[in-house]
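Close look at the chain arrangement
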Amino acid sequence: MSAGFYFGAEVFINGLMTGVLYSLVALGFVLIFKSSGIFNYAQGVMALFAALTLVGLQDGQVPFAHLINSIFGTQVHHFGWHLPALLAILLTAGVMVVLAILVERYILRHLVNQPDIILFMATIGMAYFMEGFGDLMWGSEIKKLDVGIPQGGNFWIEENTAFLGGEDFYGFYLDSLDIVAAVFAGLLVLSLVLFSQYTKTGRALRAVADDHQAALSVGISLRFIWVVVWSIAGFIALVAGIMWGSKSGVQFSLSLIALKALPVLMLGGFTSIPGAIVGGLIIGVGEKMFEFLIGAPFLGGATENWFAYMLALLFLVFRPQGLFGDKIIERV
Amino acid sequence: MKFTKLAVAAVAAVMTAAPVAADLLLPSLSYRTGPYAAGGIPFADGYADYLTLMNERDGGVGGEMIKMTECETGYNTEKGVECYEATKGGGALVYEPLSTGITYQLIPKVTSDDIPMHTLGYGRTSAKNGNVFSHVFNYPANYWDGASGMINYLLETNNDDINGKTIALVYHNSAFGKEPIRTLEELAKKHGFKLTLLPVDHPGQEQKSQWLQIRREKPDYVLMWGWGVMNQVAVQEAANIRYPMENFIGIWWSGADHDVLPAGEAANGYKAVTFHGVGKDFPIYDDIQKYVVDTGKAAGTGDTVGSVLYNRGLYAAMLAVEAIKDAQAATGHANVTAPELRDAMENLNITEERMAGLGLPGFGPAFQVTCENHGGDGLVGVAQWDAMAKTWSIISDFKPTDSEVIDALVKEDSEAYAAENNIEPQCK
Amino acid sequence: MFYREAGDFKTSYADDSQTFPIKFDRYRYWAVLAFAFLVVPFIINDYWLNAVVLPFLIYSVAAIGLNILTGYCGQVSLGSGGFMAVGAYACYKFMTSFPGMDIFSVILLSGFVTAAVGILFGLPSLRIKGFYLAVATLAAQFFLVWLFNKVPWFYNYSASGQINAPERTVFGYAVTGAETQAWAVYLVALIFVVVLAVVARNLTRGSLGRKWMAIRDMDIAAEIIGVNPMTAKLSAFAISSFYVGISGAMFFVLYLGAVEVGEAFGISKSFIILFMVIIGGLGSIFGSFAGAAFMVLMPVLLKNIMVGQLGWATDLAAHFEFVIVGGLIIVFLILEPHGLAQLWRLAKEKLRLWPFPH
């Protein structure tokens, strides 16, 4: 086989790895959409907020330091501690649960039975709010996030595959971070599936997803389910924030990763967990392969952003409900 | 009735937005929020701290206190317009918009309002031609100088022969990132290297395709035109594919401390071109510590002092203040106006002695501005990152760039603008 | 008090179907118009024009456009930023290729070009619905921005890809370029806004508007009673894009004067216009104005209060601005999910009955 083939294979595998991260973000959307019909625009900002909180807790930053300093004229910045990564992650997860409770208490509860687009708009308001609030709390400068995930090309894979493609090929390149991310995403999905299949809360969650009113009538608390779902989404946001934040540092742009999940949602369907996973993989591989085969050589590159949407659009024309979405049945 | 109250409040608030006339008003269009906040904060701090130092230590400039009004743009052109209109009425002297987009739309506005604009190492490159762009200054160096400086550095380290070498340009897919392409294409023809273009879309969080391509094609050198999160990701990805860092050179907006810090030790050896000094090994930093930081008047938390972008902000403020001094000397009165400052900027002469006198010896290249040349002499140096010591150090001093190629391009682009907008040459 | 009427005394169909059935509303409408045309041009200055009035007028046109599509026809679109870019670049190409053309024709033609592009990207709406369509229109957004960034022909091969509006005059007064007068620019924008708003109002209550609303309320039912979904949806896309294109052209020539596609017409623009429509009220022309006013005025107002009045640090103020705008959006939605227009309607109802609400 020629080196070209192996290069293609390399791009394919890296596309898969990226796709797993896309799936992860998309999962957050799907969970909330399924259980409450809300298209949660704030998912990306939640990832940013979670990552900011994680770094802040880890480094012992004083929340609202800037605000406090400018009101009281003090000079406080850090508590002076440095928390171990695991503890900080657990604490951040706790913060995300609190956030979920607040969202349910102050927003969702007041917007029951509103049309989808109003709920969507409410999450946009939430996104604005959290963006400002996160910056206010932790500052908007770039922060280094290190929870001990290895980074860089995986040498073992590189060395042991170098013989494949002849002289010009020196082994498959895989980022260790991506491998870790893929493993974590896989575990997360698996535990979600187990949770929703085998626990009482999980079954309640599926019942709510199927039919709100029927679920209510058998005594399931919608509010509790919402808190659970938003907490899980917050936790997913935290994981996504850690994975992307480790690479680029924690900064505003993290909130834009939500955009990467939208074509995945279109493709996989807004209501399907397997759809989010398969969709993520297809989008990840599709955009990387298109850039490799057509984008970079013929179109001058940077085609990934729109190609993902075009690909999803093409799929939709043939399957308007997405790959795994519920079949749309329309009655007059 | 809520609406009426709201409306009244709105009117009242907007009316009072017109700033009160101050002594020497220097607006600072900064961005401490949004996707590029990480770069905007140290720059704004440096700009503010130098002006504070002038007020605290020297009692202003020529006896007139400086008043700096900061306005948050968030790197957003619409907010930039709002900031410009809000500050220009009070007698703003010079604008430093710190965004290519805002620069482009302020060019006609400042020209018609007769207020000079200084774009330090960004903005419209062909504004170097003062004959066409009467109110825009981009000394001491512009993007095309940066591109040429990179190639000159490569020539220098390769015994003046880069024929047949391959060079990849990783750039932010925007007006800013596309600036160097034409220059590099000209230089590729001249020196015989092969140029590969690799655009990265905003924001640049995901660059795997580009770096896999670099890994496949193994270019001898990689140049980068990045800003914001794109820089950190690119440095990290370069480290991941084990691209030799010493062959990776960024533009000055990709060469800040926070660009390389997240990658840790893997970023060691990364280079960036620069047009000003790095670190805080200059006498003026003692004064800043004494008069600004220790007295609690620093704009930021004080931990950005001496970082690359802080120095750049400080440099911008220094150049503005020096031009004000010149204007005061030329007109004989301390309270100079914007048109007077423009004339002084057009004759600005920064020499080694002058910088040494300010406590910034060798901080930037010496240059002389003229009516035809608003861009200075375009001297560019190279700095390298030492990840162990966490410092930048200058490894190639400020050296001239390829004016033959650049001047022709400046002429072409500025004349196209002049033709489109019916601009008469202003210089005699 | 003002809304005094003692019963329904309409004697002709014309009376019954007028836009402002209440006399006071009618007078108020003419008063606002008179104020806008006869008073404002004499008092407007550069700050008011560029920081408040012009963005408000331009975003209003865009919001009306999107409201036609989303509010009246029920098709959620997130491609407005891309369509604005089409308008702006079409405008630039017309201006530089035909220097003699006057600014009104240029802007109108840009609208028509955008309408054509809008129809093209509206085609998937025949099969895709709801949020899926919203996300599908993002394909238009990203593709158009990439295209204008990529193909040098669109920006006349300039070095950086920025486009600049050359100077154009109306009756000898510059309205674009460097030497503009605030009142002249204002009047050009105002003429477009008033004409477009009146046209939109009449379109939406005519047969076309009724077809759109039938499609919005239930497209299958509409089809059964004889509304052709293809013509209805595509006409909504075309007219909506026409409006959005005109606003993009005005955004470029009248407001900013120089734009770069990724920065000025990025995805955030699409979202902001959608916010305006929802905050203002879906399916309401007045709501489009109210939403645009909210999203344009609120940040300026908050900034001026916090930085100008209270003297806060600019970054703190900017963060608070986000918190407050976000909080207000949520509060408004909880208080009145149907937008500012509905609040206005309720207020009017109350006033009509005042002081005897029973």
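Think of each chain on its own: its residues are numbered from 1, step by step along the sequence as written. Chains and ligands are labelled by the order in which they are written, letters from A for the one and numbers from 1 for the other. Under the rules for a predicted model, residues below a pLDDT of 70 receive no local features and side-chain atom pairs below 80 are neither given nor counted, while totals for whole chains, interfaces and linings still include all residues.

Concerning the overall build of chain A
Secondary structure summary: chain A contains 13 helices and zero strands in total. As defined in this context, the radius of gyration uses C-alpha atoms, and a globule is described by 2.2 Å times the residue total to the power 0.38. Taken over C-alpha atoms, the radius of gyration comes to 21 Å for chain A, in line with the 20 Å a tight globule of 332 residues would show. As a rule, residues whose C-beta atom has 12 or fewer other C-beta atoms within 10 Å are exposed, those with 20 or more are buried, and those in between are partly exposed; C-beta atoms are placed from the backbone. Evaluated residue by residue, chain A yields a buried proportion of 55% over its 332 residues. Helix numbering and strand numbering both begin at the N terminus, where a helix is a DSSP run of H or I of at least 4 residues and a strand a DSSP run of E of at least 2.

Some points on helix α5 (residues 143-157) of chain B
All names here are of chain B. Multiplying 1.5 Å by the helix residue count minus one yields the expected span of that helix. Across its 15 residues, α5 extends 21 Å between first and last C-alpha, which sits within 8% of the 21 Å expected from 1.5 Å per residue. Within α5, twelve of the 15 residues are buried, which leaves the element mostly enclosed by the surrounding structure. Residues Tyr143, Trp144, Asp145, Gly146, Ala147, Ser148, Gly149, Met150, Ile151, Asn152, Tyr153 and Leu154 constitute the buried set of α5. Asparagine 159 sits one or two residues past α5 and shows a positive phi near 55°.

Comments concerning helix α8 (residues 207-217) of chain C
Taken as a whole, α8 of chain C has its buried residues at Lys211, Trp212, Ala214, Ile215 and Arg216 of chain C. Contact definition: two residues whose C-beta atoms, as placed from backbone geometry, lie within 7 Å. Lining the buried residues of α8 of chain C we find α3 (46-72), α9 (219-224) and α10 (229-256) of chain C.

So, the interface of chain C and chain A
A common way to express how large an interface is: the accessible area buried when the components associate. Listed per partner, the contact involves 38 residues of chain C and 44 residues of chain A. If you list the elements that add at least two residues to the side of chain C that touches chain A, you get α6 (130-150), α9, α12 (267-280) and α14 (314-335) of chain C. Here the side of chain C that touches chain A takes 14 residues from α14 of chain C, the largest share from any one element. Throughout, the ten residues Ala, Val, Leu, Ile, Met, Phe, Trp, Tyr, Cys and Pro are labelled nonpolar, Asp, Glu, Lys and Arg are labelled charged, and all others, Gly among them, are labelled polar. Looking at the side of chain C that touches chain A, its residues break down into 30 nonpolar, three polar and five charged.

As for the interface of chain A and chain B
With 34 residues of chain A in contact, the opposing surface of chain B contributes 36 residues. When residues in the side of chain A that touches chain B are grouped by element, the largest group, five residues, is from helix α1 (residues 3-36) of chain A.

Details of the sheet that holds strand β6 (residues 194-200) of chain B
Residues and elements named next belong to chain B. Taken together, seven strands build an open sheet; the order of strands is β6-β5-β7-β8-β9-β12-β13 and the sheet is mixed. Pairing within the sheet leaves two strands with one partner each, and these edge strands are β6 and β13 (391-399). Neighbour-to-neighbour, the strand axes of this sheet turn through a mean angle of 25°, independent of strand direction. When DSSP finds two or more bridges between a pair of strands, those strands are recorded as paired. Note: strand β9 (residues 271-274) against strand β12 (residues 380-386), four bridges, orientation antiparallel. By the bridge assignment, alanine 272 is partnered in β12 with alanine 383. Docked against the sheet, α5 engages β7 (221-225), β8 (248-250), β9, β12 and β13, running at close to 70° with respect to β12. Axes here refer to lines fitted to C-alpha atoms; in helices the fit is confined to the stretch in contact. Angles between the N-to-C directions go from 0 to 180 degrees.

Section: the environment of leucine 198 of chain B
Tracing the chain through its elements places leucine 198 of chain B in strand β6. By C-beta crowding, leucine 198 of chain B is classed as buried, having 25 other C-beta atoms within 10 Å. Residues leucine 198 of chain B and isoleucine 214 of chain B, spaced 16 residues apart in sequence, show a C-alpha to C-alpha distance of 9.0 Å. Residues contacting leucine 198 of chain B, with those up to four places away along its chain left out, are Gly301 of chain A together with Ala168, Leu169, Val170, Gln210 and Gln213 of chain B.

So, the pairing of β6 of chain B
As paired elements, strand β5 (residues 166-172) of chain B and β6 of chain B share seven bridges and run parallel to each other. Each bridged residue has a counterpart across the sheet, and for threonine 166 of chain B the counterpart in β6 of chain B is lysine 194 of chain B.

Here we look at the confidence of the model for chain C
Each residue carries a pLDDT value, the predictor's own confidence for that position, ranging from 0 to 100. For chain C, the mean per-residue pLDDT works out to 89, and 97% of the residues sit at or above 70. Interface confidence for the predicted complex, given as ipTM, is 0.87, next to a pTM of 0.92.

Observations regarding the nonpolar core
Note on terminology: a nonpolar core is a set of buried residues of type Ala, Val, Leu, Ile, Met, Phe, Trp, Tyr or Cys, with members joined through C-beta atoms within 7 Å. Ranked by internal contacts, the top residues of the largest apolar core, which has 382 residues, are Ala51 of chain A together with Ala88, Cys91, Ala189 and Met250 of chain C. Each domain's extent is set by a domain assignment, obtained either automatically or from a database. Each of domain 1 (2-141 + 278-377) and domain 2 (143-274 + 379-407) of chain B contributes no fewer than three residues to this core. Here alanine 51 of chain A is in contact with Leu145, Gly241, Ile242, Gly245, Val250 and Leu254 of chain A, once residues within four sequence places are set aside.

Quick look at the environment of leucine 133 of chain C
Residue and element names in this part refer to chain C. If you trace the backbone, leucine 133 turns up in helix α6. Residue leucine 133 is classed as buried on the basis of its 24 C-beta neighbours within 10 Å. Measuring from C-alpha to C-alpha, the distance between leucine 133 and glycine 262 comes to 22 Å, with 129 residues separating the pair along the chain. Look past the residues within four positions of leucine 133 in its chain and what remains in contact with it is Gln75, Val76, Ser125 and Ile128.

A short note on the pairing of strand β1 (residues 24-30) of chain B
A regular strand places its side chains on the two faces of the sheet in alternate fashion. All names here are of chain B. For β1, the tally of buried residues reaches seven of seven residues, placing the bulk of the element in the interior. On β1, burial covers both faces: Leu24, Leu26, Ser28 and Ser30 on one face and Leu25, Pro27 and Leu29 on the other are all buried. Handedness of a crossover is defined as follows: orient the strands so they point away from the viewer, and if the path from the first strand over the helix to the second runs clockwise, the crossover is right-handed. The parallel pair β1 and strand β2 (residues 66-72) is bridged by helix α2 (residues 37-58), and the resulting crossover is right-handed.

Overview of the packing of α1 of chain A against helix α7 (residues 208-217) of chain B
Packed helices, taken two at a time, are described by their axes: the angle between them and the distance between them. Where α1 of chain A contacts α7 of chain B, the two axes come as close as 11 Å, and the packing angle between them is 155°. Relative to α7 of chain B, α1 of chain A is oriented roughly antiparallel. Regarding α1 of chain A and α7 of chain B, the two cross each other, and that crossing is right-handed. Here Phe7, Glu10, Val11, Asn14 and Thr18 of chain A of α1 of chain A come into contact with α7 of chain B, specifically with Lys208, Leu212 and Arg216 of chain B. In the contact of α1 of chain A with α7 of chain B, the residues fall into three nonpolar, two polar and three charged. Here the word oblique covers every angle except those under 35 degrees (roughly parallel), over 145 (roughly antiparallel) and from 65 to 115 (roughly perpendicular). Working rule for handedness: look at the near helix, and if it is turned counterclockwise from the far one by less than a right angle, call the crossing left-handed; if clockwise, right-handed.

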